[in-house]
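Notes for the structure review
Given next are the chains, with one letter for each unit.
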Amino acid sequence: MNHKKIDPKSNSLRENYHLLISGIAPRPIALVGSKDSSNNFNLAPFSYFNAFGANPPVVGFSPALSGRTGLPKDTLANIESTKEFTVSIVTSEIVYQTSLASCEYEKNIDEFDKSGLGKYNSNVISTPGVLESPFIMECKLIDIIKLGNKPGSGNLILGEVVFFHINEDLFKDDGSIDAFKIDQIGRSGGGWYTKVKESLFKLSKPRGIGVGFDSIPYKFLNTSLTGNQLAKLAAIEKIPKYVDINIPLNFNNLVKKLSEYINKDEIETAWKYILKWKYLNE
Ligand SMILES: Cc1cc2nc3c(=O)[nH]c(=O)nc-3n(C[C@H](O)[C@H](O)[C@H](O)COP(=O)(O)O)c2cc1C
């Protein structure tokens, strides 16, 4: 792999923006409801968005100063003034309406109306969420961290989630949310979006503390076994006991066999093959 070395200071705003949104992807999308002091409602999507803590529950997103004019977006001005907002999660059913809500309508124009999305009444604050979203959070402003004063500079808005509204159909019997039912959309670079439920896969994380790559005999690290396969070997909590089994005596055939066992998640068996190899060769 040859890495191109890029100093952001020698890049234009546009180039840095495209690097960020292409590399940091897919990003969740917050459809943010806000209002000004005269109760004009506003709705806009933001994918510089994430959760930042659970106790208290905190979310953050960043309306940047306009890349063209350097002016603050309505969402930022509204939240500075009213100190509250809603975040509705974007699903595949509302992705085109979400995109429509991102148009730069005049300040007093209500993008709920423009995008045809309904208002969902909040419990604690007085700004609505998006009726068609299955996951809505009412948020009170914690802080706004200004990240510059030039076109494209971010304004990290942090808010405490003071109420959740979640479609009951999303819950599994054990109380967790069904990753396939929530159907979120993620945003990548260059106009690309992801349907999250179509790209889900399960990764069984190490139950305890993995033994690590340095426990794998060095010779196996430079074979056709991939980093992911080696990581599965290294994630085992305890190396199994030696057993006297028959293994292929040809090293390449042994590696092939290991690869098969690792792919079938038969990690203990793979280790038993390695231990026998160690016994014969060290
Ligand atoms: C999917 C999507 C994600 C976006 N993410 C951001 C973002 O993170 N930050 C930002 O400043 N603008 C983002 N935009 C652009 C804003 O939505 C757009 O500037 C909008 O007009 C701002 O509305 P407002 O002036 O009513 O706040 C995004 C647009 C789309 C379609």
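Our structure is the block above this text.
Just so we're clear, the structure is a prediction, and the values are computed from it rather than from any experiment. (Residues numbered from 1 in each chain as written. Predicted model: local features only at pLDDT ≥ 70, side-chain atom pairs only at ≥ 80, totals over all residues. Heavy atoms only, no water.)

Brief notes about the site of the ligand
Close to the ligand lie 19 residues, the nearest being P45, Y48, A64, T75 and S102. Residue P45 places a main-chain N or O atom 2.8 Å away from an oxygen atom belonging to the ligand. Here the ligand, which alone exposes 640 Å², has 90% of that area covered by the protein. Per-element accounting of the shell around the ligand gives the leading share, four residues, to strand β3 (residues 41-46). Residue classes in the shell around the ligand are distributed as nine nonpolar, five polar and five charged. (Near = heavy atom within 4 Å. Polar contact = N/O pair within 3.5 Å; in protein donor to acceptor, adjacent residues only side chain to side chain. Areas by Shrake-Rupley, 256 points an atom, 1.4 Å probe, with all protein chains shown as cover. Helix = DSSP H or I, 4+ residues; strand = E, 2+ residues; numbered from the N terminus. Nonpolar A, V, L, I, M, F, W, Y, C, P; charged D, E, K, R; others polar.)

Quick look at the sheet that holds strand β1 (residues 27-28)
Here three strands make up an open sheet; going across it, the order is β1-β11-β12 and the pairing antiparallel. Lying at the two open borders of the sheet, with one neighbouring strand each, are β1 and β12 (193-195). Two elements, strand β11 (residues 185-187) and β12, share three bridges in a ladder whose sense is antiparallel. The residue of β12 that forms the bridge with I185 is K195. (Pairing = 2+ DSSP bridges.)

Structural notes on a nonpolar patch on the surface
The grouping of Y242, L249, Y279 and L280 at the surface amounts to a nonpolar patch, some 480 Å² of accessible area in total. Positionally, Y279 belongs in helix α9 (residues 267-281). The exposure class assigned to Y279 is exposed, which follows from its relative accessible area of 55%. (Patch = residues over 30% accessible without salt bridge, like charges linked within 9 Å, V, L, I, M, F, W, Y side chains within 5 Å. Salt bridge = Lys/Arg side-chain N within 4 Å of Asp/Glu carboxyl O. Buried < 20%, exposed > 50% of the residue type's maximum accessible area, 1.4 Å probe, protein only.)

Examining the pairing of strand β6 (residues 84-89)
Of all six residues that make up β6, six are buried, and the element is covered over most of its length. Along β6, one buried face is formed by E84, T86 and S88 and the opposite face, lined by F85, V87 and I89, is buried too. With four bridges joining them, strand β2 (residues 30-35) and β6 adopt antiparallel strand pairing. The residue of β6 that forms the bridge with A30 is I89.

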